[in-house]
Amino acid sequence: MSEDARFCHDAGRAFLETRDLTKTYRLGREDIRALEGVDFVANQGDFVVLNGPSGSGKTTFLNLISAIDRPTQGEVIIEGVSTTNQTDRQLAAMRRNKIGLVFQSFNLIPVLSAAENVEYPLLLHRLERPERKRRVSAMLEEVGLGELTKRRPNELSGGQRQRVAIARALVTRPRMVLADEPTANLDSETGKAVMQLTSRLNKEHCVVFIVVTHDPAVTIYAQRRFRILDGHLTEEGNDAPVASAA
Amino acid sequence: MLLWLPLRSLLRSRRRSLLSLAIIGLGTTIAFVVLGFVQESRALIRETSVAEFGNLQIASPQLWEDTAEDYGYLIQSSALDQVSALLASEPRVDTFTVQLQFPALIASGDRTQIVRVTGFVPGNPTLSRAGEIVAGRDLAPSDAAAVLVGRSLADRLGLAPGSVITLTLTTVDGAYNATPLQVAGIYQFSSEQVELQSLFIPLRYAQLLLNTTGVDRIVVALGDIADTPATRARLQAGLTDAQLGLEALTWDELSPFYRQLSNLFDILFGFIALAMAVLVFFIILQILTLAFLERTREIGTARALGTTRRGVLGLLLAEGAWLAVIGSGLGLALGAALSLGFNAIGVKWAPPGTVEPVVLTIRVGITTALAPFLLGVVATILSSVYPALQMARLPVVDALRVE
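Procedures and definitions
- Counting restarts for each chain, with residues numbered from 1 along the sequence as it is written.
- Naming scheme: in the order in which they are written, chains are lettered from A and ligands are numbered from 1.
- In keeping with the model being predicted, local features are shown solely for residues with a pLDDT of at least 70 and side-chain atom pairs are shown and tallied solely at 80 or more, while totals for entire chains, interfaces and linings include all residues.
- In this description a helix means any DSSP run of H or I spanning at least four residues, a strand means any run of E spanning at least two, and both kinds are numbered starting from the N terminus.
- Neighbour density around each residue's C-beta defines its exposure: 20 or more other C-beta atoms within 10 Å make it buried, 12 or fewer make it exposed, and counts between make it partly exposed, where C-beta atoms are placed from the backbone.
- Residues are scored as being in contact if the C-beta atoms we place from backbone atoms lie within 7 Å.
- Put simply, Ala, Val, Leu, Ile, Met, Phe, Trp, Tyr, Cys and Pro go in the nonpolar bin, Asp, Glu, Lys and Arg in the charged bin, and everything else, Gly too, in the polar bin.
- We call two strands paired when DSSP finds no fewer than two bridges between them.
- To obtain an axis, a line is fitted to C-alpha atoms, over the contacting stretch when the element is a helix, and the angle between two such axes runs from 0 to 180 degrees between their N-to-C directions.
- Confidence per residue, as judged by the predictor, is encoded in pLDDT with a range of 0 to 100.

A. Inspection of the environment of Cys 206 of chain A at higher detail. When you line up the elements, Cys 206 of chain A lands in the loop between helix H6 (188-205) and strand S8 (208-212). Counting along the chain gives 173 residues from Cys 206 of chain A to Arg 33 of chain A, while the straight-line C-alpha distance between them is 34 Å.

B. Broad picture of unusual backbone geometry. Residue and element names in this part refer to chain A. One non-glycine residue, Glu 181, lies in positive phi territory at about 50°. Looking at the secondary structure, you find Glu 181 in the loop between strand S7 (176-180) and H6. The exposure class of Glu 181 is buried, given the 20 C-beta atoms found within 10 Å. A positive phi angle, close to 50°, is found at Asp 230, a residue other than glycine. Considering the arrangement of structural elements, one finds Asp 230 in the loop between strand S9 (224-229) and strand S10 (232-235).

C. Broad picture of the environment of Asp 252 of chain B. Residues and elements named next belong to chain B. Inspection of the secondary structure assignment puts Asp 252 in helix H9 (residues 251-254). Sequence spacing of Asp 252 and Val 219 is 33 residues, and the spatial spacing of their C-alpha atoms is 14 Å. Once you skip the residues sitting within four places of it in the chain, Asp 252 turns out to touch Ser 49, Tyr 258 and Arg 259.

D. Just the interface of chain A and chain B, in detail. With 21 residues of chain A at the contact, the number on the chain B side is 17 residues. Taken together, the elements giving at least two residues each to the side of chain A that touches chain B come down to helix H2 (88-98) and helix H3 (114-124) of chain A. Class assignment of the residues belonging to the side of chain A that touches chain B gives a composition of 12 nonpolar, two polar and seven charged.

E. Inspection of the sheet that holds strand S4 (residues 73-78) of chain A at higher detail. Residue and element names in this part refer to chain A. As summarised here, the arrangement of the four strands in space is S2-S1-S4-S5, forming an open sheet in which the pairing is antiparallel. The open sheet has two free edges, formed respectively by strand S2 (30-43) and strand S5 (81-82), since each of these has just one partner strand. Strand direction decides the pairing type here: strand S1 (residues 14-27) and S4, joined by five bridges, are antiparallel. Counted as the bridge partner of Glu 17 is Ile 77 from S4. Running at roughly 125° to S1, helix H1 (residues 58-65) makes contact with S1, S2 and S4 of the sheet.

F. Spatial organisation of the pairing of strand S3 (residues 47-51) of chain A. Residues and elements named next belong to chain A. Counting buried positions over the five residues of S3 gives five, a clear majority of the element. Alternating positions in S3 separate into two faces, Phe 47, Val 49 and Asn 51 on one and Val 48 and Leu 50 on the other, with burial throughout. Sheet analysis places S3 next to S8, joined by four bridges and oriented parallel. Across the sheet, the residue bridging to Val 49 is Val 211, located in S8. In terms of strand pairing, S3 meets S9 through four bridges, oriented parallel. Across the sheet, Leu 50 pairs through a bridge with Phe 226, a residue of S9.

G. Focus on the confidence of the model for chain A. All names here are of chain A. On average, residues of chain A score 85 in pLDDT, and 91% of them are at 70 or above. Per-element averaging of pLDDT across chain A places H6 at the bottom with 80 and S4 at the top with 94. When the criterion is pLDDT under 50, residues 239-246 qualifies, and its contacts beyond four places in sequence or with other chains add up to 19 contacts.

H. Geometry of the pairing of strand S6 (residues 164-170) of chain B. All names here are of chain B. Judged from the three bridges that link them, strand S2 (residues 93-108) and S6 form a sheet pairing that is antiparallel. If you follow Leu 105 over to S6, its bridge partner there is Thr 168. Bridging between S6 and strand S7 (residues 176-187) involves seven bridges; their strand directions are antiparallel. Bridge pairing in S7 links Thr 170 to Tyr 176.

So, in structure tokens, the structure goes:
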């Protein structure tokens, strides 16, 4: 375990909660309900997997709980604070301080090296340079990229890029990491390695992991599995939908 | 890194960035060269004007306003003594002299010409013609019915040192007077108008011809032209306190030609600078809009990671600022190199109203560089404001959807 790891003192305590979460998009004259009345709770240390077919509302759900989009109805509560009336600036601060994001297509900044990509969120935290360097170095070591710190994204393989993205998501020590199809662009071996890493970091850092995936290989790491279908969320192994029926 | 990130973003699309730098640089170069030419030409005309008028002249307002019907504006010896004392106490005054100017008619053979005769004090260094004599000699304090004529007038009337001309004038009493004058010397001046219209005779002889003991102006030379406005202010205060009814005017107020040409230069530079700024603004606006649009997803990522809108705006404006500073800097370097190269060739031209061609020089210096640099920087930064604002305002989720 790295020196940055922390014990999961708060395991079982609610970190994220959604109430009656609804998102409607306007398509021409028609309203499309991407998500409908979803109630959901994720506790500290949870490793949650969401799956469902394309267009079922997975990414919409992720966007809403990561505070990069606003719900049409309902609310997202993070550590007891509702995001509903937060300003853009407050939401940016919330993302910066509490949430780590891992994108399907990595979304690394191409002109920055691996280390600089990981350092970027720390700059937003206004940490001193020695502290930034220390954290970046430790995090890249942890994801197995200690030797590739100076490489630019186009000089890295898909798996290595995703590791950089994971390191970037974790380096600020967020309370929750949201990953959208993190293995979709990876071969099965690399995908497995990434998920093992993710699972280990979940355990060691007591971070809530919510992973959206189609990949059955990912679900084996999950403590809780959810399925989204037509905007409704259902916890697998528990046939009762966690969404309040619309 | 937040400072270098925008620079690296520029380096990513080198062709586009080079095009941007070329456009900003070219605009700055053109503005630099034009301003260098304008400043040098203005300095040349300023020197000419000061050589013609001195730094300051003190006279009755009636003289400047040309409202007197007779010679009521002449300064008599009592007032002249007070002004002399005032000038002697002014540390910035280098030298001063008195003059008496009047219109007259000269005749040489069957040719006549209306001229402006200046009675001056031979030997006084203020506005001395000694260095401008191209034939014959300068006037000496002992001279009386002797005259200095301009080169252009001498050519027109066929005069040479030793020639005799007849001067006809009206005295202060309104009587006609005429006298023969012997050409002592021929002077040259940078202004053809001065050479054609200005004759110089000894002051005492001028006073004798006009039947007066007065002078019409006191001409003041300063050690440094930059002291002119402050010195004028102090002198004017002294003149007002003494209640002499005299007014001090500066060389630029006395030279309508300088003012007109200076205004023309300002308009010329202003027009070219505005055209360059508009050109740079719209082209860079187009380029940066495309450049920022291509990075929509990247900007969405930065916002998703917690960068505020203001933070994104700052990053994008910094990109424009890098372009502005580098492009304008390169433009100045190119402008300086072109100007120095051009100056080395030594191309000659005759500025408006001058006789002798002078070497066309483009001024190279800090004062020439500042305005074009700011022009390039401001136009470029302004052009980045709109696309940067558009990108910063984009909802994060929409930005992330862009492939």
